[in-house]
Amino acid sequence: MHPKAAYERVRFAEFEVDLGSRELFYEGRKLPLQEQPFQVLRILLERPGQLVTREELRKQLWAADTFVDFDHGLNKAVAKLREALGHAGAQSPLIETLPRRGYRFIAPVEWMNGNHSVAAESLPAVSQSGSHQRTDARWMFRFPGRAILLSLAVIALLLGLGSTGYIFRRSAARPSMTTVPLTSLPGAETEAAFSSDGEQVSFVWDGNSGNRTDVYVKRIGTERPLQLTQSSGFVCCDVWSSDDRYIAFMRCSGEDQGIFLVPSLGGPERRLRNTVGCNGLGWSPAAPVLVFSEKNSPDTPFALFLMSIEDLQPHQLTFPAGNIVGDQDPVFSPDGKSIAFIRIIGEGAPDIFTVAVSGGPARQLTFDKSGVFGLTWSADGKKIIFSSHRDGGLSLWAVSLAGGEPERLPVGGAIATGPTISRKGDRLAYTQGLIRPNLWSIALSQNGRKVSGGPSQFLFSAASNNGPQFSPDGKRLAFTSERSGYNEIWTCDATDCSEPQQLTFLKVVSGMPRWSPDSKQIVFDSRPTGHSQVMMISAEGGSPVPLTDGKSEDKVPSWSSDGKFVYFSSNRSNAAQIWKVPATGGQPSLVTRHGGFAAFESSDGRYLYYAKDNEPGIWRMPTGGGDETRILADLSPEFWGDWALSKSGVYYVSEAGPRPAIEFFDFASKRLSRVAELAGLPPQGDPGFAVSPDGTRIIFSQVDTSAVDLMLVENFPFN
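Let me begin by describing the structure that accompanies this report. Worth saying up front: this structure is predicted, and the values here are computed from it rather than measured.

Let us now look at the pattern of salt bridges. Side chains that differ in charge, positive against negative, can pair when their charged atoms come close. Scanning the model with the defined rule gives 25 salt bridges in all. A salt bridge links Glu 23 to Lys 30; the shortest N-O distance between them is 2.7 Å. Note that Arg 343 and Asp 327 form a salt bridge whose closest N and O atoms lie 2.7 Å from each other. In this pair, Arg 343 sits in strand β24 (residues 338-346) while Asp 327 sits in strand β23 (residues 326-332), placing the two residues 16 residues apart along the sequence. Like Asp 327, Arg 343 is buried. Each member of the salt-bridge network shares a partner with another, and the members are Arg 251, Asp 256, Glu 269 and Arg 271.

The biggest cluster of nonpolar side chains holds 31 residues, and the ones touching the most others in it are Phe 12, Leu 24, Leu 41, Leu 45 and Phe 105. Elements represented by at least two residues in this core include exactly β1 (9-12), β2 (15-18), β3 (23-26), α1 (35-46), α2 (54-61), α3 (70-87) and β7 (102-105). Residues within four places of Leu 41 in sequence aside, it is in contact with Phe 12, Val 17, Leu 24, Leu 33, Leu 81 and Phe 105. Phe 597, Ala 598, Ala 611 and Phe 639 belong to the second largest nonpolar core, which has 19 residues in total.

The full count for this structure, using the stated rule, is 13 aromatic pairs. Both rings, one in Phe 597 and one in Trp 640, keep their centres 4.8 Å apart while their planes meet at 85°; by these two values the pair is edge-to-face. Placement of the pair is Phe 597 in the loop between β46 (589-590) and β47 (599-601) and Trp 640 in the loop between β50 (629-632) and β51 (643-645), with a sequence separation of 43 residues. Comparing Phe 597 with Trp 640 shows no difference in burial state: the two are buried. A ring pair is formed by Tyr 609 and Phe 667, whose centres lie 5.2 Å apart and whose planes are at 20°; its orientation type is stacked. In this pair, Tyr 609 is assigned in strand β48 (residues 607-611) and Phe 667 in the loop between β53 (661-666) and β54 (672-677), connecting sequence segments 58 residues apart. What makes Tyr 609 buried here is its relative accessible area of 2%. The ring centre of Phe 565 lies 4.4 Å from the NZ or CZ of Lys 580, which sits over that ring.

Enumeration over the complete set of coordinates arrives at three disulfides. Across the disulfide, Cys 236 is cross-linked to Cys 237 (sulfur-sulfur distance 2.1 Å). Between Cys 236 and Cys 237 the sulfur-sulfur dihedral comes to about -75°; the bridge is accordingly left-handed. For the pair Cys 236 and Cys 237, a shared accessibility class is recorded, and that class is buried. Across the disulfide from Cys 492 sits Cys 497; the S-S distance is 1.9 Å. On the sign convention where negative is left-handed, the bridge of Cys 492 and Cys 497, at about -100° about the S-S bond, is left-handed. With a relative accessible area of 4%, Cys 492 lands in the buried category.

Thresholds applied
Residues numbered from 1 in each chain as written. Predicted model: local features only at pLDDT ≥ 70, side-chain atom pairs only at ≥ 80, totals over all residues. Heavy atoms only, no water. Salt bridge = Lys/Arg side-chain N within 4 Å of Asp/Glu carboxyl O. Helix = DSSP H or I, 4+ residues; strand = E, 2+ residues; numbered from the N terminus. Buried < 20%, exposed > 50% of the residue type's maximum accessible area, 1.4 Å probe, protein only. Core = buried A, V, L, I, M, F, W, Y, C linked by side-chain atoms within 4.5 Å. Contact = heavy atoms within 4.5 Å. Phe/Tyr/Trp six-rings, centres within 6.5 Å; stacked < 30°, edge-to-face > 60°. Lys NZ or Arg CZ within 6 Å of the ring centre and 35° of its normal. Disulfide = S-S within 2.5 Å.

This is how it looks when you write it as structure tokens:
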């Protein structure tokens, strides 16, 4: 008998499973779940944190003499299970996919019998014939999220973590480590920063609006925060002065961009410097000096600059060479003598470096070329704590300044970003959750000018989904998703996307899928070497073929109308321009001369339409060469991926009116018409817009909920 057979129910996150009635509940509400998805869930729950192979699932779910398309059946069962968990509101992935191998359940599990309950880790392990089922302590000691427990004492000694684990030795006098919510406001709270005494925290909150943020400050243990800024756009990067009198921050949208200073008790803002974007800000604990990220010119990489509050004169600190994105997100060491930062070789390929404040060469600490989502110093200045998806999730890690492999922290769960540590080192704060967009559908009338009914949810999951594109025959949809743990290319039926299929297994950031005119090939951009390059793959799967060499940032591809060429944006000539390369491979050639980013060729092959990443609007130029013309001006460069070309005009997302909307620009009349108003703007820089070939449906990206909170770890032992 299975050791868990005596238990009647199972709890995880906000869910409960009744094993007798085979029912799934979310916060007491029954969820519909078919038999095979339920059985997959049951098997995964019996072995939380362990790999359950596809072959093991086949043996348990399908008899040996049953003739079925096993891969299709299992994919469908897992998709239905994820759909049930996602629709219920799970904010983090509960099931991890190990491509081509199997699945792993990554949430803490509690088995119950009457009033008696036991954690899954305390139950005896089950031997599986023909497989190696060694207990993996990295998964045994995952901490419950804020919806399960408000605090949890940490086991004093974690064993069996190997090269990626911690051994915490706690004396009897040391208090237990606990994790509690730091904020629980509606919407998204991010970017926590401690005051020097560790008793106050500043943070950025969107006020549950989704289209603006402000800086707030609160004393730990109180609920009501004090609003310090009044913004019409987005702010970021709040940092405290060493005497706690001021907070510096960056305003990164609208006309009023720059670095600002505001009293921590409230008061008027003071602009310190004009800057563009939000690329990171730090304040020295030893002097009134800021460090920030900026470009010397549009054609150079981001570099770090030091600036005294007293004279406001910037001095360049780092000098990244080569054709890279550059240096961002700087953080001072506790003694103020060094700065840790992220150096981005190509989009989605960052690593952590340090540099002395006095200058000199930067020193590389990580070699993952994997997403880094915030970093901070340990209180003793010997390690860097950072968030990364180096193992497929978004977990907290530490890397020693002495070098070596990063070690995973046993706090933070599966979606933890933006770590920060108090100066004393006894408190750690981090962001729990991510703002994830979902895809929605709008039906249009036959002439494509009016909405036929309201918007409906098209593709929803706990993982991010974006970049949708209809195949020219209208039968399928390609899109990018993180549901496997990495940004990969997926396809599905264009009607309802009920059975998505993973197309790529590169385990790097990939995106922007575009179909060939015959619907048989897909081009996309990916980063297997750090830099982005254009790749092509059969729509039925297989090994991708590179079309560019990966020595520059080649991205956002699309096809010519005859299928002979692939357009893409590249910085190989410094500023981003549109290039094209033969679909059979060969030497790329320059198309635009005055900038260009996301391009589409008209169906008759006469014109190329494109957006730019640094100017609002959409341009067009003859494909045979000639001058460019801006045909409309109100597409924001932040929404370069939120427009689509049809035979008669351009659909795009507009911010011009009182509410965001989808507009249509008619080529013949040169007039604009409003197609539909939206509940909110799509996420900036996150492409999510497509029009069906027959012009009767629009798929668009929208952030529905942003339940993102700050968590506080008290008595953090790592100092």
